[in-house]
Amino acid sequence: LSLFNLRRIFHKFKFSNLLKPLLYIDLGAYNGDTLRQLCGMKDVGSAILLEPDLSNFNSLRQNLTSIMRANKDLDPIALPIAAGKEHGSFLLSGEGEAVNVISSVSKENFVDCRSVSVAPLDDIFPAAIADFVKVDVEGHDIEAIQGMKRLIDRSTPVIAISLYHRPCDLLSIP
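Note that this is a predicted model, so its numbers are computed, not measured.

A. Structural detail: the pairing of strand β1 (residues 22-27). Counting buried residues along β1, 6 of its 6 residues qualify, which places the element largely inside the surrounding structure. Because side chains alternate across β1, one face comprises the buried residues Leu22, Tyr24 and Asp26, and the other comprises Leu23, Ile25 and Leu27, equally buried. For the crossover that starts at β1, traverses helix α2 (residues 33-39) and ends in the parallel strand β2 (residues 44-50), the hand is right-handed.

Now the structure itself:
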């Protein structure tokens, strides 16, 4: 999500009436860029950040140091896993912002793929009450949402979903 889009989301949903500090959940946290932007606009008390790509996760951990220095009350939890409907794994390919979830693998591109662990957010954080959830999981969005059904029912958070990975998601994700 760009800073422009994040500001537009905040304006549209009137985050000012949310309890402070926010509990922010970022599925596909990349390098922490959205958390940094959000902390510049709102009081974020806790952040749950899932990033399954190890290169991106290492960048996230490094960036968390400076984000926490600038936001003394921030209490982040970063995990190198993906959110999904059930426990298991899937394959990723690509690097940085170009990471993709692979549904089928041919022998010639298997060397560029790596397996990542997947778990339902409802199982990892069964009592979390979220205010804002960002979902940017490279086309794995429906499965990630299904894995946090109880969290959504319990919290009714604002959810921002990146729908550009699979055009059919524009119609299939409510």
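B. Up close: helix α3 (residues 54-70). The end-to-end C-alpha distance of α3 is 25 Å, a good match for the 24 Å that 17 residues give at a rise of 1.5 Å each. The axis of α3 is deflected most strongly, by about 25 degrees, at Leu64. All of the buried residues along α3 are Asn56, Phe57, Leu60, Leu64 and Ile67. Those residues of α3 that are buried lie in contact with α2, β2 and β3 (75-79).

C. The pattern of salt bridges, seen in detail. Taken as a whole and assessed by the stated rule, the structure comprises 3 salt bridges. As a salt-bridge pair, Asp123 and Arg150 come within 3.7 Å of each other at their nearest N and O atoms. In this pair, Asp123 sits in helix α4 (residues 121-124) while Arg150 sits in helix α6 (residues 149-155), placing the two residues 27 residues apart along the sequence. Classification of Arg150 by relative accessible area gives partly exposed; the value is 46%. Here Asp153 makes a salt bridge to Lys149, at a shortest N to O gap of 3.0 Å. Here the residue Asp153 and the residue Lys149 both occupy positions in helix α6, the gap between them amounting to 4 residues, near one helical turn.

D. Highlighting the sheet that holds β1. Within the open sheet, the 5 strands sit side by side as β3-β2-β1-β8-β9. Their pairing is parallel. Strands at the two margins of the open sheet, each flanked by one partner only, are β3 and β9 (158-161). For this sheet the average axis-to-axis angle between neighbouring strands, irrespective of direction, equals 10 degrees. Along the sheet face, α3 touches β2 and β3 and points at about 175 degrees away from the line of β3.

E. The arrangement of the environment of Ile25 in detail. Take Ile25: it is sitting in strand β1. Along the primary structure Ile25 and Leu35 are separated by 10 residues, whereas in three dimensions their C-alpha atoms are 9.1 Å apart. Beyond its immediate sequence surroundings of up to four residues, Ile25 is in contact with Ile48, Leu121, Ala130, Phe132, Val133, Lys134 and Leu151.

F. Local environment of the nonpolar core. Ile25, Leu27, Leu121, Val133, Met148 and Leu151 are the most contacted members of the largest nonpolar core, which has 19 residues in total. Elements with a contribution of two residues or more to this core: β1, β2, β8 (132-135) and α5 (141-146). Looking at which element gives the most residues to this core, the answer is β1, with 3 residues. Counting residues in hydrophobic clusters, the runner-up holds 16 residues, among them Leu38, Val44, Val158 and Ala160.

G. A look at the pairing of β8. Residues Phe132 and Lys134 point to one face of β8 and Val133 and Val135 to the other, with burial holding for every one of them. By the bridge criterion, 4 bridges tie β1 to β8 in an arrangement that is parallel. Residue Leu27 lies in a different strand from β8, and its bridge partner there is Val135. Alignment of β8 against β9, held across 4 bridges, turns out to be parallel. Considered in β9, the bridge of Phe132 is made with Val158.

Each value, and the rule that gives it
Residues numbered from 1 in each chain as written. Predicted model: local features only at pLDDT ≥ 70, side-chain atom pairs only at ≥ 80, totals over all residues. Heavy atoms only, no water. Buried < 20%, exposed > 50% of the residue type's maximum accessible area, 1.4 Å probe, protein only. Helix = DSSP H or I, 4+ residues; strand = E, 2+ residues; numbered from the N terminus. Right-handed = clockwise from strand over helix to strand, strands pointing away. Expected span 1.5 Å × (residues − 1). Bend = angle between axes of the 7 residues up to and from the residue. Contact = heavy atoms within 4.5 Å. Salt bridge = Lys/Arg side-chain N within 4 Å of Asp/Glu carboxyl O. Pairing = 2+ DSSP bridges. Axes fitted to C-alpha atoms, helices over the stretch in contact; angles between N-to-C directions. Core = buried A, V, L, I, M, F, W, Y, C linked by side-chain atoms within 4.5 Å.

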